[in-house]
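# Structural overview for review
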Amino acid sequence: MDPVSPWSTHTLQSRLSELRSRFGNTPDGEPYLPRPKHGYTLHAGVRSDWDAFQELATRGLSAGPARGIPDLEHALGLVRGKPFDGQDYPWADSVQQEMLSRITDIAHTLAAWHSEGDTPDMDAARHAALRGLDIEETAEVLYRDWMNIEWAIGNTAGVRKAIARMQQIARTYDISLEPITEQLIALVLSESPTPAPAQR
């Protein structure tokens, strides 16, 4: 499977046969790893947490903040760490970026939805932002969410903690902060009484 030193046809067939044997069959007798017709693919009954995450995220976003929060919370709860963390699979780079982007989007949406409305839940909003940062520590939008949450409840120490952590990450990865982030930092440090709107 290494593009630099690909397996011979015999080795490939042998490995696939071993995999097919290990995966076994569906209750209907269909192999979970069918013999290829138009490329290799697993049986439709084989599912992953990522499949479930995407379905929950799509359904939750479509439902909106009034009814979609439980689905988004469930989706984020399926994430147990940074996708492919500690692995070096060149083929997975684009997949990893797509997953991180989607996870960040869901965490941001949850933080925003929990912060809005007549009865905002700032603890849940903070949890969503920080959960997203556990997975993608360079996501500026989540730092902006975190700063806005702490600022909205008047937690100056929390604001400064969010700023310090974001600046440390920016130094570690040699990242220049986006202008909107710099503007928010200046705003929250000015102790202006009106919280900034959630940044989308």
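Just so we're clear, the structure is a prediction, and the values are computed from it rather than from any experiment.

A word on the overall build of the chain. Scanning the chain from N- to C-terminus turns up 8 helices and 0 strands. Starting at the N terminus and walking to the C terminus, you meet the elements of the chain as α-α-α-α-α-α-α-α. For the chain, whose C-alpha radius of gyration is 22 Å, the value lies well above the compact-globule estimate of 16 Å for 200 residues. Each of the 200 residues in the chain was classed as buried or not, and the buried ones make up 35%. Restricting to contacts in the chain with at least 6 residues of sequence separation, those with at least 24 account for 53%. Total accessible area computed for the chain in this model is approximately 12400 Å², and 51% of it derives from carbon and sulfur atoms. Here the chain contributes 19 positive and 28 negative side-chain charges, whose respective centroids are spaced 5 Å apart.

Another point: the packing of helix 4 (residues 93-115) against helix 5 (residues 122-135). Put simply, helix 4 and helix 5 touch, their axes get as near as 7 Å, and they point 165 degrees apart. Between helix 4 and helix 5, the angle is such that the two are roughly antiparallel. Seen along the crossing, helix 4 lies across helix 5 with a hand that is left-handed. Here Leu100, Ile103, Ala107, Leu110, Ala111, His114 and Ser115 of helix 4 lie close against helix 5, whose contacting residues are Met122, Ala124, Ala125, Ala128, Ala129, Gly132 and Ile135. When the residues that make up the contact of helix 4 with helix 5 are grouped by side-chain class, the tally is 11 nonpolar, 3 polar and no charged.

Across the chain, the average pLDDT comes to 91, with 94% of residues at 70 or higher. Looking across the chain, the model is least confident in helix 1 (residues 9-23), with a mean pLDDT of 90, and most confident in helix 5, with 98.

If you check the backbone angles, Phe84 has positive phi at about 60 degrees while not being a glycine. Of note, Phe84 is situated in the loop between helix 3 (69-77) and helix 4. Exposure remark for Phe84: the relative accessible area of 27% places this residue in the partly exposed category. Even without glycine at this site, Asp174 takes up a positive phi of about 55 degrees. Here Asp174 lies in the loop between helix 7 (156-173) and helix 8 (179-189).

Our focus in this paragraph is the packing of helix 7 against helix 8. Look at helix 7 against helix 8: their axes get within 11 Å of each other, and the N-to-C directions meet at 150 degrees. With respect to helix 8, the element helix 7 is oriented roughly antiparallel. By crossing handedness, the relation of helix 7 to helix 8 is classed as left-handed. Facing helix 7, whose interface residues are Val159, Arg160, Ile163, Met166 and Gln167, helix 8 presents Thr181, Ile185, Val188 and Leu189.

Turning next to the nonpolar core. Within the largest apolar cluster, 41 residues are counted, with the highest numbers of intra-cluster contacts made by Phe53, Ile103, Leu110, Met147 and Val188. Listing elements by their share of this core, those giving two or more residues are helix 2 (49-63), helix 3, helix 4, helix 5, helix 6 (140-152), helix 7 and helix 8. If one sorts the elements of this core by residue count, helix 4 sits on top with 8 residues. The contact partners of Val188, leaving out residues within four places of it in the chain, are Met147, Trp151, Val159 and Ile163.

What counts as what
In every chain, residue numbers begin from 1 and rise along the written sequence. The predicted nature of this model means local features are confined to residues of pLDDT at least 70 and side-chain atom pairs, given and counted, to a pLDDT of 80 or more, with totals for whole chains, interfaces and linings taken over all residues. Neither water nor hydrogens contribute to the side-chain values; these are computed over all heavy atoms in the structure. Here a strand is any run of E in DSSP of at least two residues, a helix any run of H or I of at least four, and the numbering for each starts at the N terminus. Restricting the calculation to C-alpha atoms gives the radius of gyration, and the globule rule supplies 2.2 Å times the number of residues raised to the power 0.38. The buried label applies to any residue whose accessible area, calculated with a 1.4 Å probe on protein chains only, is under 20% of its type's maximum; exposed applies above 50%, and partly exposed to all values in between. By the convention used here, residues are in contact when the closest approach between their heavy atoms is within 4.5 Å. The method behind every accessible area is Shrake-Rupley, applied with a 1.4 Å probe, and residues are considered shielded solely by the protein chains displayed. When charges are counted, Lys and Arg are positive and Asp and Glu negative, with His and the chain ends excluded. We put the charge of a Lys on NZ, of an Arg on CZ, of an Asp on CG and of a Glu on CD. Simply put, an axis is a line fit to the C-alpha atoms, just over the touching stretch for a helix, and the angle between two N-to-C directions goes from 0 to 180 degrees. Just so you know how the angles are binned, under 35 degrees is roughly parallel, over 145 roughly antiparallel, 65 to 115 roughly perpendicular, and the rest oblique. Note: crossing handedness is left-handed where the near helix turns anticlockwise from the far helix by less than a right angle, and right-handed where it turns clockwise. Classification convention: Asp, Glu, Lys, Arg as charged; Ala, Val, Leu, Ile, Met, Phe, Trp, Tyr, Cys, Pro as nonpolar; all other residues, Gly among them, as polar. As a per-residue quantity, pLDDT reports the predictor's confidence and falls between 0 and 100. Joining through side-chain atoms within 4.5 Å is the link that ties buried Ala, Val, Leu, Ile, Met, Phe, Trp, Tyr and Cys residues into a set, and such a set is a nonpolar core.

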